[in-house]
Amino acid sequence: MEAHRDSLVEGVDPHLNVQVHEAAEGSFGPHRPVILLHGFASSAKLTWEDTGWVTALSQAGRRVVTVDLPGHGGSPVREEMDAYSPSRMRADLLQLIQNAHVRPLKDGDDATGVDIIGYSLGSRLAWEFGATQPELVRRMVLGGPSVHDPLADFDLPAAQRYLADGTPIEDPTTAELLRMAKLVPSNDLYALLTMIEAVKVEPFVPSDAIPRMPLLLVAGEKDELAHTAEELARLSGQAEVLWLPARTHANALTSRIFKNAAVEFLAG
């Protein structure tokens, strides 16, 4: 998979920042790439590089592809709301995979298809992508997953009032998401609020499209956003659930248990 932004096949240029990290020298693993999808108000660097995920996967012999979602990290801010919709982001991901000439899954050929690891919003996107592209996705690890997208209940008017004049936000989830967004100085709050608006138009209904490949669902025991992970597992019928002791939505990604379990699961 090449790290560039040019469209190599007929379709729409995703305009996304993509980085490819090759497997560590001397390591051996499946030849199919692992695609990493970060969460809201984060980036590939913050979610996957700074927490050691890229290193752990590369040392396990995996070729790692990180993607910055629209308006996040190194991906440009887009003016049109459609660019931030879940359906458009999934279409962009499919375009990237097509650009890389990834072949459909074939039994016994570890150079076909892709594996995916998503976190938070990235897990929602991965769930829907895996459900609609079963010929491409072999296995997925979904971190901080939920049957309900917390962005759907985000109080957009309250956030806009707070940013305009400092009016306190009453809804704790909205306040926390906005606090997270402001923690990263490079975040464009306009782009993030536009994404929330787009997500609200396309609510997450996991039962509408269910991925049928093996899944590993991982969440911190203290992650209030992911307390419904078991419900997702029951929908799938092919999912394992791993609870991380004492971890929250904010710090689950730094867990060595999480990394080791993901590497082992994707090697299966």
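One can find the structure itself at the top, above this paragraph.
Worth saying up front: this structure is predicted, and the values here are computed from it rather than measured.

A. Focus on the environment of Glu176. With respect to the helices and strands, the residue Glu176 is situated in helix α6 (residues 172-183). Taking the C-alpha atoms as reference points, Glu176 and Arg90, 86 residues apart in sequence, are found 26 Å from one another.

B. Representation of helix α5 (residues 156-165) within the structure. The set of residues buried in α5 consists of Leu156, Ala158 and Ala159. What you see down the axis of α5 is that its buried residues fit within an arc of 165°, all on one side. Structural note: α5 exposes Ala164 and Asp165 on the side pointing more than 90 degrees away from its buried face. Residues of α5 that are buried in the fold lie against α6 and α7 (189-201).

C. Layout of the pattern of salt bridges. For the structure shown, the criterion picks out 12 salt bridges. One salt-bridge network, held together by shared partners, links Arg90, Arg124, Glu128 and Asp149.

D. The arrangement of the layout of surface pockets in detail. When its volume is computed, the largest pocket comes out at roughly 830 Å³. Elements supplying a minimum of two residues to the lining of the largest pocket: α1 (44-49), α4 (121-132) and α6. At 7 residues, α6 tops the list of elements feeding residues into the lining of the largest pocket.

E. Representation of the nonpolar core. Formed by 52 residues in total, the largest nonpolar core has its most connected members in Ile35, Phe40 and Ile116. In terms of residue count, α7 provides more of this core than any other element does, 7 residues in total. Listed in part, the 21 residues of the second largest apolar core include Val54, Tyr119, Leu244 and Ala261.

F. Just the pairing of strand β3 (residues 64-67), in detail. Burial of the side chains of β3 extends over both faces: Val64 and Thr66 are buried on one face and Val65 and Val67 on the other. Sheet topology note: the strand β2 (residues 34-37)/β3 ladder contains 4 bridges and is parallel. Following the sheet pairing, Val34 is matched in β3 by Val64.

G. View of the packing of aromatic side chains. With the rule as written, the count across this model stands at 2 aromatic pairs. Centroid distance Trp48 to Trp53: 5.6 Å. Interplanar angle 85°. Geometry classified as edge-to-face. A centroid spacing of 4.7 Å and a plane angle of 80° characterise the contact between Trp53 and Phe258, whose relative ring orientation is edge-to-face. Placement of Trp53 in helix α2 (residues 53-59) and of Phe258 in helix α9 (residues 256-266) is noted, with a sequence separation of 205 residues between them. Like Trp53, the residue Phe258 is buried in the burial classification. Connected via pairs of aromatic rings, a cluster forms that spans Trp48, Trp53 and Phe258.

Thresholds, definitions, all that
Residues numbered from 1 in each chain as written. Predicted model: local features only at pLDDT ≥ 70, side-chain atom pairs only at ≥ 80, totals over all residues. Heavy atoms only, no water. Helix = DSSP H or I, 4+ residues; strand = E, 2+ residues; numbered from the N terminus. Buried < 20%, exposed > 50% of the residue type's maximum accessible area, 1.4 Å probe, protein only. Arc of directions from axis to C-beta. Contact = heavy atoms within 4.5 Å. Salt bridge = Lys/Arg side-chain N within 4 Å of Asp/Glu carboxyl O. 1 Å grid on protein atoms, 1.4 Å probe; cavity = no way out; pocket = protein on both sides within 12 Å on 5 of 7 lines; lining within 4 Å. Points joined across faces, edges and corners; volume = space filled by probe spheres on them. Core = buried A, V, L, I, M, F, W, Y, C linked by side-chain atoms within 4.5 Å. Pairing = 2+ DSSP bridges. Phe/Tyr/Trp six-rings, centres within 6.5 Å; stacked < 30°, edge-to-face > 60°.

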